[in-house]
Amino acid sequence: PANNTINKVFGCLSIILDVAEESGLMVKNPCKKINILPKTSFKQRDILTKEEIRKLFPTDTENLLKIWDNWENVSLIYLSLSSGMRSGEIRAITWGDIDWINNAVYITKAIKAENILGCTKNGKERPVLPPKKAFVYLQQWKQLSVNNKGTDRVFIGRDGESPVSGQKIRNVLNRALKKLGLY
């Protein structure tokens, strides 16, 4: 966990032990001798430029598929880059979460550790409005994925049932970046 998270938990523990000390349940709160951790400095994230996005998603299908290999990869990464959805949210979406008429994706769940389906990070459902191009790519992928029996998931793992892994998302993007000399 980040230092800030540890400090918040430590602060709560210290308050509890203060009450225990005041109630006579302990002689001295041991938290008084411990210093809080320094704030974590965040490294700057790499952001793709508009030109790099254009290179990754050319308008002609032949070059697009040379970069991404298939429509699943195209739609997976374009949705990831253009929607603001978290990895676990993308991994959890089903075809039923997609509103084709209003060009929206309804985020109602997320994949957590160990591929467990749970609620979103903040526990709230929300609509996401990706660019129209995302729905063009998703439609291409949907037409090809009709054979994904046993699941309504948009992006599935190698076994044909479990959600796609976060590692696969990273690998697909990194492979495309390398093909274009952007990595």
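For the structure, check the block above.
Reading the values: the criteria
Once a new chain begins, its residue numbering starts again from 1 and follows that chain's sequence as written. For this predicted model, a pLDDT threshold of at least 70 governs which residues receive local features, and a threshold of 80 or more governs which side-chain atom pairs are given and counted, while totals over whole chains, interfaces and linings are taken from all residues. The basis for every side-chain value is the complete set of heavy atoms in the structure, and neither hydrogens nor water enter the calculation. Under the scheme used here, helices are H or I runs from DSSP no shorter than 4 residues and strands are E runs no shorter than 2 residues, and both carry numbers assigned from the N terminus. Using C-alpha atoms as the atom set, the radius of gyration is obtained and then compared with a globule rule of 2.2 Å times the number of residues to the power 0.38. Using a 1.4 Å probe on the protein chains alone, a residue whose accessible area is under 20% of its type maximum counts as buried, one over 50% counts as exposed, and one in between counts as partly exposed. Whether two residues are in contact is decided by their heavy atoms: any pair within 4.5 Å suffices. All accessible-area figures derive from a Shrake-Rupley calculation using a 1.4 Å probe, and residue coverage is judged against the displayed protein chains alone. Side-chain atoms within 4.5 Å link the members of a nonpolar core, which is a set of buried Ala, Val, Leu, Ile, Met, Phe, Trp, Tyr and Cys residues. Salt-bridge detection follows one rule: a side-chain nitrogen of Lys or Arg within 4 Å of a carboxyl oxygen of Asp or Glu.

1. Remarks on the overall build of the chain
Alright, step 1. A count of helices and strands for the chain gives seven helices and five strands.
Alright, step 2. Ordered by position from the N terminus, the helices and strands of the chain form the series α-α-α-α-α-β-β-β-β-β-α-α.
Alright, step 3. For 183 residues, the compact-globule formula gives about 16 Å, and the C-alpha radius of gyration of the chain, at 22 Å, lies well above that figure.
Alright, step 4. The principal-axis extent of the C-alpha atoms belonging to the chain is close to 75 × 40 × 30 Å.
Alright, step 5. The 183 residues of the chain split such that 35% are buried.
Alright, step 6. For the chain, contacts bridging at least 24 residues in sequence account for 53% of all contacts bridging at least 6.
Alright, step 7. Entry remark: accessible area of the chain is about 12,100 Å², with carbon and sulfur atoms responsible for 55%.

2. A short note on the nonpolar core
Alright, step 1. One finds Phe57, Trp68, Met85, Ile93, Val154 and Phe155 to be the most contacted residues of the largest nonpolar core, which totals 31 residues.
Alright, step 2. Within the residue set of this core, elements represented by two or more residues are α3 (61-68), α4 (71-83), β2 (104-107), α6 (132-144) and α7 (166-179).
Alright, step 3. Those residues in contact with Met85 that lie beyond four places of it in its chain are Leu79, Ile90, Ile93, Val105, Ile107, Arg126 and Val128.

3. Examining the pattern of salt bridges
Alright, step 1. For the structure shown, the criterion picks out eight salt bridges.
Alright, step 2. A salt bridge links Lys32 to Asp18; its shortest N-O distance comes to 3.1 Å. A residue pair is termed long-range when its members are at least 10 positions apart, and Lys32 in the loop between α1 (3-22) and α2 (50-56) and Asp18 in helix α1 qualify at 14 residues.
Alright, step 3. Looking at Lys32, the relative accessible area reads 53%, which means it is exposed.
Alright, step 4. The closest approach of N and O atoms between Arg86 and Glu89, which form a salt bridge, is 3.1 Å.

Functional significance is not addressed by these values, which are geometric in nature.
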